[in-house]
Amino acid sequence: MKDLKHIHYYEQLLEQTANELILKEKEDGGVAVGYTCYYVPEVLLNCGNAFSVRLRAPNTGSLDISQYYMSSFICGYTRALFERAFEGGMNFVDFYASSDTCQQMVRVVENIRELELINNPRFGWGIIDAPLKISPHGNKLYTEQIRDHLLKPLAENYGVDVSDEAIRAAVREHNEISAIFEEISEMRKEDNPRITPREFHILCLVSYSCPNAQILPYLRETLEDLRTREADATNRWRARVVVVGSELDDYDFSEIMENARCYVAADRYCFGAFPGRQQIPLTDDEPALDQVCRYYLETNQCPRFMSQEKIMQRRETIRDLAREYNADGVVIEQAKFCDFWGYERTLNTQVMQEEYGLPTLGIDREYVVRGSGQLATRMQAFVESLEIKKIRKGGGEK
Amino acid sequence: MKKKKGIAANLADKTAIQKHREWRGGRDTAYDYLQWCRLWGILIKWAASHPVQNVKAVWRYRWMFSYLTVPSFFDRLCEGQRGAGLRGARNNLNYLASDVTKTLTTIFSADMHLHPGSKKAEELNKKIICVDELLPNLLGKGFPDCKMILFQEYPMYLPSLINQHSPVHYIEQSEIYGLPADVCPLPSFEAGLAIEDDFPKIGCCMLTSNMPCDGSIMTTMLQERRIGLPSQVLNVPLRWKEEEVQDYAIEEIKSAIAFLEEHTGQKFDWDALKEGCETWNRQNECKFEKWDMNRTDIPPHTGSSAWLYRIFEHQAVAGEPLALKNDLKVNKILHKQVAEGKCPKTIRHRAVLWNTPCNNYANFNNWLLNCWGIESVCEMIDIHGEDLIDTSSRESMLRGLADHYQTSTMRAHTKGGSEVMIDSLWEKYEEYNADMIIMFDQISCKGVGAINGLFEEGALKREIPMVRVRQDLMDPTSITRREMRNDVNVFMQSVMGEEPIDPSLVEFDDDQSW
């Protein structure tokens, strides 16, 4: 296939934590709000002149400093964020919106705060407590926490408009981006898809880590390009999978999948499209903040939700995605040292296989996966096993 | 060959079992011996009450073997103790033994693994409420006709303290199942028990929780699946210092009460709860007195028998009149020693011990004192639940209970923001007039590991001697007791430049010890 429009530019943007679009938006008076988790509703960080940046640490190398401050048994993502902040790579962040939902993640912002790592006179932070089950009083707590710890400081200290109208405008913009992704996602259902897993992963990442206003024009053009793009004549994909799991912002992971000729039909991981790149429905009869908070709580797929209905919802979401996107199997990936996904990966690798009949591979991985021969070998073996299953069923291509 | 002197000379090589009872002077040895006999009395009474059932339990459950070694465990926790400390320890431990044996009888009488198809056991189970072991069971006082049992306390937590090898098999089972080896051994042990089907099959419903950490949240999911009881999560807020989360905490308790009413068929008894809370308040006041006494130059009761009892009292026997009776008795003994101004121990350093202690080396405090004269005047695990419950109305009791949960064992410091754990350390250091810090570096505790550097820099800034002691909570295969001692030995010799009080304890082999 010919190169996707802007794909090289997107790759270039993803090389930096503070990319040129972020700096440009800041020059235009934007307030950069860093965040790391779906528990912090992205759309609310895009009210008024604020813009969200889902934090990454591309080109992470040594983690020696973070190892001293955070020990070596902490997940690579959080250590990489700390290391990047320590190096001065996060000085662009004006406000750090965090949640006390993953104890490792919240320690990043606490370390940053205590060690005064962000060299930015405007720097501030907010940390929310969030429930791990759905209930009316849980919705209330979640909404109040977001209002008091995130929106209020944004309004009071940065002059951000967080009114109902501003939230609705942010939702409209979010929905436009999501509509683009929904259309692109439909293309992944094709037998011989016109977009590769690596490309989709890159699109997702830029949409999360660049200001909406800056990235939207590019995404529109990319969508136009995709509408007329033709897939290669030969279908090179040997298997289709749903990838499920923890934070994954290294698109080399998808490249490894591609090299094993395994097509990622749906991405249900943090920084993936499910959830996060779906349109948020709003009605006029209820404050937008309440609706947005309820939406994020109900669609959240974090394994931290420990009530039975959410546990079942997570499994059924995987099953439904596998059905909808014609996946042959599921890959559940876990960032090393992530307690939540350590258990979820272990249990669901068996449950999805035994109770839902979906061939499932469970893997753990480092934050940076580039050059992981072990991962490549496991993917190849999984793809072969899926092929064998297809042949045994009599429906596989030779 | 010159005969070896010191405490270690009385310990068998590798197993560290005492060759004979420790000589503590006439009166203390006699007291210790009598209390030891009292313990045997408790155990024999328990064993003889349901002999067949108890033998079946020992054969059915691997963890039950650990309970057979309790006399040795108590001896270890009293090693080197004299005077009021010894008396306090023995009384606390014997009360604990007495209560645990009673609960074990209830558990085994209802256990459908031991009594398959038994109607009697089925009836008993209708009145048993299982709760996550880190949810204090004071709420159960509102169901006086039911027994609230800390589900993991008896198969997991206590055995991990009594016998350092008890977690190993279960942790291995979790890892064979696929759980990562880096998760905390506590939830991993619990998961192993569930995988092995080694939890007693009891209860009519289960109250789970997010206490105290991410690992515990996740192991609950695995356990619920295996246990199969109707369950509900009691979601305890994390930012417990904030007033805004309190309404949520109260609503969660109300919701839990409704769930328990539904599954037990019992109406919640607010008067019984009030009585329980008032008893608990008096128990808590006894603890406050103990903390006060430990701030003096003669800290009368410190170490494992103090913190273990505190945990047990807070979680399992809050509101129990017999526990209060024991508290009053112990405090009387302790007050007497403080009033007399006698200190039967050699204390060189007053240390604050921070982070969770090591279950597989519960008598580490005894070793610190006996070998290096380091007295554990304050321990993080001992300091929680510092407020009394206002029993003037239902709402105030709910508020108090919410606080009781939020400031429960372990999470009182590890949750609520890093400042809660860090600032509190410097405060306690001053408050207890300490001169050093023993920082447990529990390698698999991610929430605390992620603020390691802040502790280091804080201690450096304040010029406080701080020794970092590596441990893995309840997995002796990661870090042994010997390695823990070595961390202290190296620090005391090379940084502090000191000689041990008892050189026999500097280096000895107890890897095979229970």
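Computed from a predicted model, the values in this text were never measured in an experiment.

Turning our eyes to something else, we now look at the overall build of chain A. Helix and strand content of chain A: 14 helices and 8 strands. If one aligns the C-alpha atoms of chain A with their principal axes, the spans along those axes are about 65 × 45 × 45 Å. If you take every contact in chain A between residues at least 6 apart in sequence, the share linking residues at least 24 apart comes to 75%.

On to the overall build of chain B. On a plain count of helices and strands, chain B comes out with 21 helices and 8 strands. Here chain B has a C-alpha radius of gyration of 22 Å; the compact-globule value for 514 residues is 24 Å, and the two agree. With the principal axes as the frame, chain B shows a C-alpha extent of 70 × 55 × 50 Å. A burial count over chain B gives 56% of its 514 residues as buried. A separation threshold of at least 6 residues defines the contact pool for chain B, and within that pool the share at least 24 residues apart is 79%.

Turning next to helix H12 (residues 308–324) of chain A. An α-helix turns once per 3.6 residues; consequently, residues spaced three or four apart project the same way. Residue and element names in this part refer to chain A. If you check H12, its first and last C-alpha atoms are 24 Å apart, about what 17 residues at 1.5 Å a residue would give, namely 24 Å. Looking at H12, one finds that the buried residues are Lys310, Ile318 and Ala322. Down the axis of H12, the buried side of the element spans an arc of 125 degrees, and every buried residue falls inside it. Opposite the buried face of H12, by more than 90 degrees, sit the exposed residues Glu309, Met312, Glu316 and Arg323. Elements in contact with the buried residues of H12: strand S5 (239–245), strand S6 (262–269), strand S7 (329–335) and helix H13 (339–354). Directly after H12, the chain includes asparagine 326, whose backbone phi takes a positive value near 50 degrees.

A word on the interface of chain A and chain B. The partner chain B presents 37 residues to the 38 residues of chain A that form the contact. Within the residue set of the side of chain A that touches chain B, elements represented by two or more residues are helix H3 (64–70), helix H5 (103–115), helix H6 (136–158), H13 and strand S8 (360–365) of chain A. Broken down by element, the residue count for the side of chain A that touches chain B peaks at 8 residues, all from H13(A). Of the residues in the side of chain A that touches chain B, the class split is 16 nonpolar, 10 polar and 12 charged.

A few words now on the sheet that holds strand S1 (residues 128–131) of chain B. All names here are of chain B. Taken together, the 4 strands give an open sheet; going across it, the order is S2-S1-S3-S4, and neighbouring strands pair in parallel fashion. The strands lining the two open edges of the sheet, one partner per strand, are strand S2 (147–150) and strand S4 (231–234). On average, each strand axis in the sheet is inclined to that of its neighbour by 25 degrees, with strand direction left out of account.

Residues and elements named next belong to chain B. Along strand S5 (residues 349–354), 6 of the 6 residues are buried, which leaves the element largely enclosed by surrounding structure. Here S5 shows two buried faces, one formed by His349, Ala351 and Leu353 and the other by Arg350, Val352 and Trp354. The pairing of S5 with strand S6 (residues 374–379) spans 5 bridges and is parallel. Residue leucine 353 lies in a different strand from S6, and its bridge partner there is glutamate 379. Traced from S5 through helix H15 (residues 364–372) to S6, the parallel crossover comes out right-handed.

This part is about the pairing of strand S3 (residues 205–209) of chain B. Residues and elements named next belong to chain B. Of all 5 residues that make up S3, 4 are buried, and the element is covered over most of its length. Note: S1 against S3, 3 bridges, orientation parallel. Note that in S3 the partner of valine 131 across the bridge is leucine 207. Bridging between S3 and S4 involves 4 bridges; their strand directions are parallel. Across the sheet, threonine 208 pairs through a bridge with valine 233, a residue of S4.

With that out of the way, let us pick up the packing of helix H11 (residues 246–264) of chain B against helix H16 (residues 394–406) of chain B. All names here are of chain B. Relative to each other, H11 and H16 sit at 100 degrees, their axes nearing to 9 Å. When the interaxial angle is binned, H11 and H16 end up roughly perpendicular. Every residue of H16 that contacts H11 at Gln246, Ala249, Ile250 and Ile253 is listed here: Leu398, Arg399, Leu401, Ala402, Tyr405 and Gln406. Of the residues assigned to the contact of H11 with H16, the class counts are 7 nonpolar, 2 polar and 1 charged.

This part is about unusual backbone geometry. Note: most residues except glycine have negative phi, and most peptide bonds are trans. Here Phe274(A) and Pro275(A) are connected by a cis peptide whose omega angle stands at -10 degrees. Here Pro275(A) is to be found in the loop between S6 and helix H11 (288–299). Here the amide bond leading from Met211(B) into Pro212(B) is cis, since omega sits at -10 degrees, within 30 degrees of zero. Of note, Pro212(B) is situated in the loop between S3 and helix H10 (214–227). If you check the backbone angles, Asn59(A) has positive phi at about 60 degrees while not being a glycine. By secondary structure assignment, the location of Asn59(A) is in the loop between strand S2 (50–54) and H3. For Asn59(A), a count of 14 C-beta atoms within 10 Å puts it in the partly exposed group.

This paragraph deals with the nonpolar core. The biggest cluster of nonpolar side chains holds 279 residues, and the ones touching the most others in it are Val242(A), Val330(A) and Val352(B). Discounting chain neighbours no more than four positions away, the residues touching Val330(A) are Val241(A), Val242(A), Val244(A), Ile318(A), Ala322(A), Met352(A), Leu358(A) and Thr360(A). Core analysis: the next-biggest nonpolar cluster, separate from the first, contains 5 residues, Ala84(B), Val330(B), Leu334(B) and Val338(B) among them.

All names here are of chain B. The strand order S6-S5-S7-S8 describes an open sheet built from 4 strands, whose pairing is parallel. Each having just a single partner strand, S6 and strand S8 (466–471) make up the two edges of the open sheet. Neighbour-to-neighbour, the strand axes of the sheet open up by a mean angle of 30 degrees, direction not taken into account.

It is worth spelling out the confidence of the model for chain B at this point. Caution applies to low-pLDDT regions: their predicted coordinates should not be interpreted in detail. In this model, chain B carries an average pLDDT of 95, and 99% of its residues clear a pLDDT of 70 or more. This complex was scored by the predictor with a pTM of 0.95 and an ipTM of 0.94.

Next up on the list: the packing of H15(B) against helix H21 (residues 481–495) of chain B. Residue and element names in this part refer to chain B. Closest axis-to-axis distance for the H15/H21 pair is 11 Å, and the angle between their directions is 30 degrees. As summarised for this structure, H15 and H21 are arranged roughly parallel, according to the angle between their axes. For the pair H15 and H21, the crossing hand works out as right-handed. For the pair H15 and H21, contact is made by Phe364, Trp367, Leu368 and Trp372 and by Met484, Arg485, Val488 and Met492, respectively. Tallied by class, residues from the contact of H15 with H21 come to 7 nonpolar, no polar and 1 charged.

Time to look at the environment of Leu4(A). Residues and elements named next belong to chain A. Along the chain, leucine 4 turns up in the segment before helix H1 (7–13). As for leucine 4 and alanine 335, which are separated by 331 residues in sequence, their C-alpha atoms are 29 Å apart. Filtering out sequence-adjacent residues up to four positions away, leucine 4 remains in contact with Glu199, Thr222 and Asp225.

Attention now goes to the environment of Ser376(B). All names here are of chain B. Among the secondary structure elements, serine 376 is positioned in strand S6. Using a count of 27 C-beta atoms within 10 Å as the deciding quantity, one classes serine 376 as buried. Expressed as a C-alpha distance, the spacing of serine 376 and threonine 302, which sit 74 residues apart in the sequence, is 6.1 Å. Discounting residues that sit within four places of it in the chain, serine 376 has contacts with Thr302, Gly303, Ala351, Leu353, Asn365 and Leu368.

What counts and what doesn't
- In every chain, residue numbers begin from 1 and rise along the written sequence.
- Chains carry letters and ligands carry numbers; both start at the beginning, A for chains and 1 for ligands, and go up in the order they are written.
- Reporting of local features is limited, given that this is a predicted model, to residues whose pLDDT is at least 70; pairs of side-chain atoms are given and counted only at 80 or more, and all residues count toward the totals for whole chains, interfaces and linings.
- By the criteria applied, helices consist of DSSP H or I runs no shorter than four residues and strands consist of E runs no shorter than two, each listed in order from the N terminus.
- Whether two residues are in contact is decided by their C-beta atoms, placed from the backbone, lying within 7 Å.
- Just to be clear, the radius of gyration here is over C-alpha atoms, and the globule rule we use is 2.2 Å times residues to the power 0.38.
- The burial criterion counts other C-beta atoms lying within 10 Å of a residue's C-beta, which is placed from the backbone; the residue is buried at 20 or more, exposed at 12 or fewer, and partly exposed between these limits.
- Expected helix span is computed as 1.5 Å times (number of residues minus one).
- Directions from the helix axis toward the C-beta atoms define the arc.
- For this scheme, ten residues count as nonpolar: Ala, Val, Leu, Ile, Met, Phe, Trp, Tyr, Cys and Pro. Four count as charged, namely Asp, Glu, Lys and Arg, and the remainder, Gly too, count as polar.
- At least two DSSP bridges between two strands are required for those strands to pair.
- Fitting a line to C-alpha atoms yields each axis, with helices limited to the stretch in contact; the angle taken between N-to-C directions then spans 0 to 180 degrees.
- Throughout, right-handed denotes a crossover for which the path from the first strand over the helix to the second runs clockwise when the strands point away from the viewer.
- Orientation categories follow fixed angle ranges, with anything under 35 degrees roughly parallel, anything over 145 roughly antiparallel, 65 to 115 roughly perpendicular, and all other angles oblique.
- For this analysis, nonpolar core means a set of buried Ala, Val, Leu, Ile, Met, Phe, Trp, Tyr and Cys residues linked through C-beta atoms within 7 Å.
- For every residue, the predictor assigns a confidence score, pLDDT, that lies between 0 and 100.
- Left-handed describes a crossing in which the near helix is turned anticlockwise from the far one by less than a right angle; the clockwise case is right-handed.

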